[in-house]
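Each chain, written out:
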Amino acid sequence: QVHLVESGGGLVQAGDSLTLTCLASGITFTMYGMAWFRQAPGKEREFVAAASWIGGRTLYADSVKDRFTISRDGNKNTLYLQMNSLRPEDTAVYFCAAKPGGIAADMMSGGMNYWGNGTLVTVSL
């Protein structure tokens, strides 16, 4: 059974940093593309960042480029999202997602096979 468990969310102030973690089990992590999505209150879920299963390719939404960094550790079956210079508009539930053989550019449009339950990030002024 596949499990994606996010952690690291919380309440921070604008300008602060936060690192989200997604621990994967039940999949061969190194064979999966991984991505982060988020859903703000009253809005649709949107793409944040993705990391291809091979080649180290990453992709970011324009709104988080140069502030967020996605990374993965195959030895720990863990995906990370380092978030710097947080803004109130970054407030959302952040979801980890996985797709076998996923390429960053493809995952941008969704089509993920597995999802976590999310972790809430709240950024105050």
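Relevant structure appears above.
Everything numeric in this text was worked out from a predicted model, so none of it was measured. (Residues numbered from 1 in each chain as written. Predicted model: local features only at pLDDT ≥ 70, side-chain atom pairs only at ≥ 80, totals over all residues. Heavy atoms only, no water.)

Colleague: Mind showing me how you'd approach the pairing of strand S5 (residues 46–51) here?
Modeller: A regular strand places its side chains so that they alternate between the two faces of the sheet. Of all six residues in S5, five are buried, a share of seventy percent or more. A loop of six residues connects strand S4 (residues 32–39) with S5, the two strands running antiparallel in sequence, and Gly42 in this loop sits at a positive phi of about 75 degrees. Across three bridges, S5 lies against strand S6 (residues 58–60) in antiparallel orientation. Its bridge partner lying in S6, Ala50 is registered against Leu59. Connecting S5 to the antiparallel partner S6 that follows it, the hairpin turn spans six residues, and Gly55 within it adopts a positive phi of roughly 90 degrees. (Buried < 20%, exposed > 50% of the residue type's maximum accessible area, 1.4 Å probe, protein only. Helix = DSSP H or I, 4+ residues; strand = E, 2+ residues; numbered from the N terminus. Pairing = 2+ DSSP bridges.)

Colleague: I tried to follow the sheet that holds strand S7 (residues 68–73) on my own but got confused; where do I start?
Modeller: Each strand in a sheet pairs with another by means of backbone hydrogen bonds, the pair being arranged parallel or else antiparallel. In space, the four strands of this open sheet follow the order S1-S3-S8-S7, with antiparallel pairing throughout. Sheet topology places strand S1 (3–7) and S7 at the edges, where each strand pairs with a single neighbour. Across the sheet, the mean angle separating the axes of adjacent strands is 15 degrees when strand polarity is ignored. Relative to strand S8 (residues 78–83), S7 runs antiparallel, the two sharing six bridges. Bridge pairing in S8 places Ile70 opposite Leu81. (Axes fitted to C-alpha atoms, helices over the stretch in contact; angles between N-to-C directions.)

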